[in-house]
Amino acid sequence: MSDTKVIDGKQIAADLRLETKDRVTDFQSKYNKVPTLAVVLVGEDPASQVYVNTKTKMAKEIGMDVEDHFLEKTVTEKELLSLIDQLNKNEKVNGILVQLPLPEHMDSRLIIDAIDPIKDADGFHAINVGRNSIGGDLLKKTFTPCTPLGCYLMLKKVVPDLKGMHAVIIGRSNIVGKPMAQLLLEESCTVTIVHSKTKDIEDMVKQADIVVAAVGRPNMVKSNWVKDGAIVIDVGINRIDHPDKPGKTKLVGDVDYDDVFNVASAITPVPGGVGPMTIACLLKNTVDAAFRQQD
Ligand code: GUN
């Protein structure tokens, strides 16, 4: 399509952060407290460190407080559970985020389910996953995982009424694919999830009005997978060797952007699409949590 719209995640995220900043100010004047996010990072995975530092910087920029807890990779499950217990009880802390993946010796489900659901800024606790799945009025009480929420808010900017559209989600993770499907079902989309064992993935994707790619495979989705005029949301953040600059690397999505640009009606770039939205949604969830804890 010649008039393909580039969905500007950076701008939409900046707008959402401004809205959230106003709510931070409002919270402060009403309750004389600053909304506070506790971030827990276990080990020294460089990608996670960058992610956590960006979250901290952005939160501080809108007047929130952040407590960083950096733990050695060798920390025991018991020690981590004890930290989570302290954060649950600490009235200053409104949101808790445990950065994933955790080291192999830990049971991630056990750790996440130890977070008080009302402080679960990531929306990963089983209670919140259940509420997201049931939908309806329970959505007012839950936290929606930040990446799918960011994708959803961008989609709504392009098409305010998603009713009846066919969304094909590539990837079935608990962090993106499954919660994305719940959100779009709630909007009365027809939803298909495809994954590594799906037969004829390309034919399935080709039927989509909305494609959400979240598999972590660089440039996987090509133009011949995509229906003319489809909206394409690229969740992938993959670092690859730079095709033209030896020794350098480059960030690319799961979608071959230059190729798919020619057929999509709207597409998110990488970087500058889903990434900034994820962080803006985390800040929004933390402020939601702060207000709910006062009720
Ligand atoms: N690892 C990759 N994405 C996420 C996320 O949204 N939250 C957390 N806690 N860890 C992640």
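Shown above is the structure to which this text applies.
Residues numbered from 1 in each chain as written. Predicted model: local features only at pLDDT ≥ 70, side-chain atom pairs only at ≥ 80, totals over all residues. Heavy atoms only, no water.

Participant: Got a sec to walk through the packing of aromatic side chains? Specific residues and values, please.
Facilitator: What characterises a pair of aromatic rings is the spacing of the ring centres plus the angle enclosed by the ring planes. Tallying each qualifying case throughout the model produces four aromatic pairs. Each ring, one from Phe27 and one from Tyr31, has its centre 4.9 Å from the other, and the planes form 50°; the classification is tilted. You can see Phe27 and its partner Tyr31 sitting in helix 1 (residues 9-31), four residues apart, about one turn around the helix. Among the residues examined, Phe27 registers a relative accessible area of 1% and is labelled buried. (Phe/Tyr/Trp six-rings, centres within 6.5 Å; stacked < 30°, edge-to-face > 60°. Helix = DSSP H or I, 4+ residues; strand = E, 2+ residues; numbered from the N terminus. Buried < 20%, exposed > 50% of the residue type's maximum accessible area, 1.4 Å probe, protein only.)

Participant: So, helix 1: which residues are in play, and what are the values?
Facilitator: Look at helix 1: 32 Å from first C-alpha to last across 23 residues, which is about the 33 Å you get at 1.5 Å a residue. Downstream of helix 1 by one or two residues, Asn32 has phi in the positive range, about 55°. (Expected span 1.5 Å × (residues − 1).)

Participant: Any details on the side chain of Arg17? Residues and values, ideally.
Facilitator: In this structure, Arg17 sits in helix 1. Although Arg17 is buried, it forms no salt bridge, and the closest oppositely charged side chain is Glu61 at an N-O distance of 4.9 Å. Every residue in contact with Arg17, bar those within four places of it in the chain, is listed here: Met58, Ile62, Ala280 and Leu283. (Lys, Arg positive; Asp, Glu negative; His and termini not counted. Salt bridge = Lys/Arg side-chain N within 4 Å of Asp/Glu carboxyl O. Contact = heavy atoms within 4.5 Å.)

Participant: Give me the lowdown on the site of the ligand, citing residues and values where you can.
Facilitator: Taken together, Tyr51, Leu97, Val98, Gln99, Leu100, Asp122 and Phe124 make up the full set of residues near the ligand. For the ligand, a nitrogen atom lies 3.1 Å from a polar atom in the backbone of Leu100. For the shell around the ligand, the per-class residue count stands at five nonpolar, one polar and one charged. (Near = heavy atom within 4 Å. Polar contact = N/O pair within 3.5 Å; in protein donor to acceptor, adjacent residues only side chain to side chain. Nonpolar A, V, L, I, M, F, W, Y, C, P; charged D, E, K, R; others polar.)

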